[in-house]
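Here's the letter readout for the chains.
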Amino acid sequence: MGIKGLAKFVGDHGEILTDYRFRNSKVVIDGCNIYHSLYLTSCVDQQHGGEYDAFQDQVCKFFKALRDCSIEPYVIIDGGSDHTDKKFETVRKRAESKIDTANKLSKGLRGAWLIPTLARQVFKEVLSSLKVPFAQALSEADQEIASLAQKWKCPVLSNDNDFYIFDIQAGFLPMSHFKWQNASVQRWSPENYIPCKLYTTTSFCRLVNINRQLLPVFGVIAGNDYVNLDKMERWASNRKVARSNSRPDKLLKWLTSFQEKQEALDNVHLLIGHGENNMDAALQALSQGIETYQIQPGCLERFFNDGEAPDPGLLPDHLSVLPDWTLLPLTKGTLPPYMIYILQLRPVIQGIQVEDHSLPSGNITSRPIRQVFYGLLLGEGREVEEYDREGKNLTSSKVKAILPSAAQLLQLDTLDQAPHSVRLEVFLVTVGVSQSIFKGLPPQLGLPVAVTYYWLRHAHPRPDRPLLQALLLGLVFGELCRQRKSQRGLIQRPAMSPDLGVAHVFSQWNRCMRDGLYLNQLLCLPLPEPQCAWLYKGTLVHQLVDQLRGGVTPDSLLMEDPSSVQLYREAETTGQPDGPSTDSGAGGRRGC
């Protein structure tokens, strides 16, 4: 929900938070919040489309710090969101703000932040490689996080200020005060700990002098636009209550007059603007909002304990659109959660990245892949509403679901049982390549190279040879680093402001890779999944473009390393034969 000013209020009243040495405990981690925090605090470049290897290193260091202090992390990542879309307006406004942020970054301005396209996928891959237990919630994660922490009597780690409202017995550890990089660690010592701050609703309510059961009322009113603060000020004046400046202060002063939740709700109408319709809508929104802060039994403990999918009979009605076979891979994070939005016929907001805003959005390049994704979910001919950047504005359009002929007999309910050859054919037809493209390539690079040749045909403006060579060199460099677990091989200069034309074309590649990954996941992985941390290093490929355009050869950049040169040549020459003869599908022209 988000409560503006609450984190600052808590920080300004230092006695609410207590110094804490965190060790020897379970902790339930708000996955999306933490990976955003780790990316944005790692000083990783944000102007060139992603520095995924550096992000991977940061995530590894974070979980090593937990392990060194005998802390058992359980990570829950957001899946779908509230099915009523009551937060859609908030999400839409965030997307509009990201367009402005991306525009600032494209001009070389510092101080803005933007999470790159594949960061979520990289985060999940790192969790898997480190064997950190994690689950992808089928709806908003907050309730599942609070429920599991309450059940296990352990704290929550997040920066989401909604957790100041949930009455979690073991408390809440704000990430902003979680000094994991300053962990007190001595080898083999049972006394290792991470210095942090602990929040409990008990300390909060004691300081502000309100009944604990009023906290959800406070949280909902604070995050609701219906409430008129001027009326609250007049009320405070009439009651001779001290005035204050911040929104949380005003609300808390108002709430001190009530002992029971219902008593406060009975007086909320005094703070709402005139109009019966406005009043009814406001009271309904407040009532529903309060429910979101009541900790309910979750459905993920069974998954963490036994590895089993949530019981379909215990899921809310709005998730009945999901075929049973999807529940476990969705929870494991091996299916993209936005498929839930599509099945519920809800609008989808496409990601925003650094690119040339005078050109069409990079998401248009990968739209044909998404159309097949939509077709597999909804059937041919249905429409999905997409929100995307147009210029510097966010606009919506209808995108038609399609199915290539290879997919005509596939049914979503039994998609997991379809023959591998059929599922592979659907993917290849969609991206417009043949199986011969994989000859000589490591399995890890099959999907990225196939997507790269799709991008080469569909990107606009059309990529020149140095752009293709730079991407392929980046793939080769990443693959060799993955194999050798080393970063040696190519020499980088310090990052400069991005060339907008190069950034725009590479942004399109990132979108094609994202949508190619999602389609492959929905088709139950006919191609091996690559490790995305090694696929793209933005500052590197931007610099390679400059060097290649200046006449430097790929072989010289690879320092004549025989294995590097051979892999590069395989990647560059593969994909030249015509694509599948059965159908040109969503991939447009056949072949490469």
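Criteria and cut-off values
Residues numbered from 1 in each chain as written. Predicted model: local features only at pLDDT ≥ 70, side-chain atom pairs only at ≥ 80, totals over all residues. Heavy atoms only, no water. UniProt positions renumbered as here; feature names shortened; annotations may be inferred. Buried < 20%, exposed > 50% of the residue type's maximum accessible area, 1.4 Å probe, protein only. Helix = DSSP H or I, 4+ residues; strand = E, 2+ residues; numbered from the N terminus. Pairing = 2+ DSSP bridges. Salt bridge = Lys/Arg side-chain N within 4 Å of Asp/Glu carboxyl O. Contact = heavy atoms within 4.5 Å. Axes fitted to C-alpha atoms, helices over the stretch in contact; angles between N-to-C directions. Left-handed = near helix turned anticlockwise from the far one by under 90°. Nonpolar A, V, L, I, M, F, W, Y, C, P; charged D, E, K, R; others polar. 1 Å grid on protein atoms, 1.4 Å probe; cavity = no way out; pocket = protein on both sides within 12 Å on 5 of 7 lines; lining within 4 Å. Points joined across faces, edges and corners; volume = space filled by probe spheres on them. Parallel < 35°, antiparallel > 145°, perpendicular 65-115°, else oblique. pLDDT = per-residue confidence, 0-100.

An unreviewed UniProt entry annotates the chain as Asteroid homolog 1 originating from Oncorhynchus kisutch. Per its UniProt entry, the chain bears the Sequence similarities (unreviewed entry) comment "Belongs to the asteroid family."

Right, let's get into the pairing of strand β3 (residues 71–77). Burial analysis of β3 places 6 of its 7 residues in the buried class, which makes it a mostly covered element. Examined bridge by bridge, strand β2 (residues 25–30) and β3 share 6 bridges and lie parallel to one another. Looking at β3, one finds that I29 is bridged to V75. In this sheet, strand β4 (residues 134–136) lies alongside β3 in parallel orientation, the contact comprising 3 bridges. Bridging from a neighbouring strand, I77 pairs with Q136 of β4.

Within this structure, the stated rule accounts for 22 salt bridges. Put simply, R370 and D515 hold a salt bridge, and the shortest N to O gap is 3.0 Å. Of this pair, R370 sits in helix α16 (residues 367–378) while D515 sits in helix α20 (residues 500–522), placing them 145 residues apart in sequence. Between D464 and R549 there is a salt bridge; the shortest N-O distance is 3.0 Å. With D464 in the loop between α18 (443–458) and α19 (465–484) and R549 in helix α21 (residues 538–549), this residue pair connects regions lying 85 residues apart in the sequence. Residue D464 is classed as partly exposed on the basis of its relative accessible area of 29%. One continuous salt-bridge network, built from bridges that share partners, spans R370, E386, R514 and D515.

What follows deals with the side chain of H542. Structurally, H542 is set in helix α21. If we ignore the near neighbours within four places in the chain, the residues touching H542 are H48, P498, D499, V502, A503, F506 and Y536.

Closest axis-to-axis distance for the helix α2 (residues 31–40)/helix α3 (residues 52–68) pair is 9 Å, and the angle between their directions is 115°. In the packing of α2 onto α3, the handedness of the crossing is right-handed. Taken together, the residues of α3 that come into contact with α2 (itself represented by I34, Y35, L38 and Y39) are F55, Q58, V59 and F62. In terms of residue class, the contact of α2 with α3 is built from 7 nonpolar, 1 polar and no charged.

So, on to empty space enclosed by the protein. Under the defined criterion, the tally for this structure stands at 5 cavities of 30 Å³ or more. The wall of the largest cavity is formed by 12 residues, among which D53, F477, G478, W534 and K537 lie closest to the centre. Of the residues forming the lining of the largest cavity, the biggest block, 4 residues, is contributed by α19. Per-class residue counts for the lining of the largest cavity are 7 nonpolar, 3 polar and 2 charged. Lining the second largest cavity, in full, are Q47, H48, G49, T117, Q353, V354, A503, F506, S507, N510, Y536 and H542. Its residues assigned to classes, the lining of the second largest cavity comprises 4 nonpolar, 8 polar and no charged.

Another aspect to go through is the sheet that holds strand β10 (residues 393–400). Across the sheet, 3 strands lie side by side as β8-β9-β10; this open sheet has mixed pairing. A strand with exactly one partner marks an edge of an open sheet, and here the two such strands are β8 (348–349) and β10. Direction of pairing for β8 relative to strand β9 (residues 383–390): parallel, over a ladder of 2 bridges. The residue of β9 that forms the bridge with I349 is Y387.

Within the open sheet, the 5 strands sit side by side as β4-β3-β2-β5-β6. Their pairing is parallel. This sheet does not close on itself; its edge strands, each paired only once, are β4 and β6 (172–174). Taken over all neighbouring pairs, the strand axes of this sheet differ in orientation by 25° on average, direction set aside. Relative to β6, strand β5 (residues 156–158) is paired through 3 bridges, and the arrangement is parallel. Pairing of V156 across the sheet is with F172, part of β6. Lying over the sheet, helix α6 (residues 141–152) contacts β2, β3 and β5, oriented at roughly 175° with respect to β2.

This part covers helix α8 (residues 215–222). Counting buried residues in α8 gives 8 out of 8 residues, a clear majority hidden from the surface. Where α8 is concerned, the buried positions are L215, P216, V217, F218, G219, V220, I221 and A222.

Attention now goes to the environment of Y518. Looking at the element boundaries, Y518 is found in helix α20. Sequence separation between Y518 and T334 is 184 residues; the distance between their C-alpha atoms is 9.1 Å. Here Y518 is in contact with P336, Y338 and F373, once residues within four sequence places are set aside.

Across the interface, helix α17 (residues 420–431) lies against α18 with an axial gap of 9 Å and an inter-helix angle of 30°. On the basis of the axis angle, α17 is roughly parallel to α18. Facing F427, T430 and V431 of α17, the residues of α18 in contact are L447, A450, V451, Y454 and R457. Split by residue class, the contact of α17 with α18 holds 6 nonpolar, 1 polar and 1 charged.

Turning our attention to the confidence of the model for the chain. Per-residue confidence for the chain gives a mean pLDDT of 87, with 88% of residues at or over 70. Scored below 50 in pLDDT, residues 235–243 shows 10 contacts in the model against residues more than four places distant or in partner chains. Across residues 575–592, where pLDDT falls below 50, the model places 56 contacts with residues more than four positions away in sequence or in other chains.

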